[in-house]
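# An overview of the molecular structure
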Amino acid sequence: MVKAMDEKFMSLAIEEASRGVKNGQTPFGACIVRGEEVIVSAHNVVWQDVDITAHAEINAIRGACKKLGIVDLSGYVIYSTCEPCPMCFSACHWAKISKIVYGVCIEDAQKFGFSELTISNDKMVSIGGSLIEITGGILKEENLELFGLWSERKDKKVY
């Protein structure tokens, strides 16, 4: 049951990232869920907003906090097409998100030209003492396909 739920919400994150890619953004999407309720979904808008911090996870956290009128997202899960970068992981930690579920790992994003720092979420949990639960590799092949489609775009930009 948990795997089916993870795949359902990861599919939503992939759909959100696809919308971003169609608009010239990078293949990163995220959604925040509590139980079976989707609170918000967002994609990366770094190039659109000319804001290097406008990652999908940051946008989703901002949207959820604003919609709910809270900053404590304990009990919520974030689904992300890619393992969150250290900035996004830190935002998840500070928002007290209970679980991160991601598709491809940081090393996969690097293979597509992204300058991700090679600090895994598991490592950040370990050295930082965070209580966030991490689950990776959900719909990995579908997420790799998304990155592949993005990489074929003639107008793609990386950071």
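An account of the accompanying structure is given in this report.

Reading guide: rules and limits
- Counting restarts for each chain, with residues numbered from 1 along the sequence as it is written.
- Per-residue local features of the predicted model are confined to residues with pLDDT of at least 70, and side-chain atom pairs are confined, for both listing and counting, to 80 or more; whole-chain, interface and lining totals are unaffected and use all residues.
- Calculation of side-chain values draws on the structure's entire complement of heavy atoms; hydrogens and water are dropped beforehand.
- Elements are defined by DSSP. Helices are runs of H or I of four residues or more, strands are runs of E of two residues or more, and each kind is numbered from the N terminus.
- The span you would expect from a helix comes to 1.5 Å times its residue count less one.
- Only protein chains enter the accessibility calculation, which uses a 1.4 Å probe; a residue whose area is less than 20% of its type maximum is buried, one above 50% is exposed, and one in between is partly exposed.
- Any two residues having at least one pair of non-hydrogen atoms within 4.5 Å are treated as being in contact.
- Should a side-chain nitrogen of Lys or Arg be within 4 Å of a carboxyl oxygen of Asp or Glu, the pair is scored as a salt bridge.
- Strand pairing is assigned whenever DSSP identifies at least 2 bridges connecting the two strands.

Glancing now at helix α3 (residues 56-68). An ideal rise of 1.5 Å per residue puts 18 Å on 13 residues; α3 measures up with 18 Å between its terminal C-alpha atoms. Of the residues making up α3, those classed as buried are A56, E57, I58, N59, A60, I61, A64 and C65. Those residues of α3 hidden inside the fold are in contact with β1 (29-34), β2 (37-43), β3 (77-82) and α4 (86-94). Trailing α3 by a residue or two, G69 shows a phi angle of about 70°, which is positive.

Within the fold, I32 resides in strand β1. On the basis of relative accessibility, which here comes to 0%, the residue I32 falls in the buried class. It is 4.4 Å that separates the C-alpha atoms of I32 and I78, two residues lying 46 residues apart in sequence. Ignoring any residue separated from it by four or fewer positions in sequence, one finds I32 in contact with E37, V38, I39, V40, A60, I61, A64, L73, Y76, V77, I78 and I97.

Inspection of the entire model under this criterion finds six salt bridges. The residue K3 makes a salt bridge to E7 at a minimum N-O spacing of 3.8 Å. Note that K3 and E7 are positioned in helix α1 (residues 2-22) at a spacing of four residues, about one turn of the helix. With a relative accessible area of 56%, K3 lands in the exposed category. With relative accessibility at 28%, the residue E7 sits in the partly exposed group. For K111, the salt bridge is made with D108, and the minimal N-O distance between the two is 4.0 Å.

Successive residues of a regular strand alternate their side chains across the two faces of the sheet. Among the six residues in β1, five count as buried, and that is most of the element. Here six bridges tie β1 to β2, and the two strands are oriented antiparallel to one another. Pairing of R34 across the sheet is with E37, part of β2. Turn length for the β1-β2 hairpin, with the two strands adjacent in sequence and antiparallel, is two residues, and the turn residue G35 shows positive phi of about 65°.

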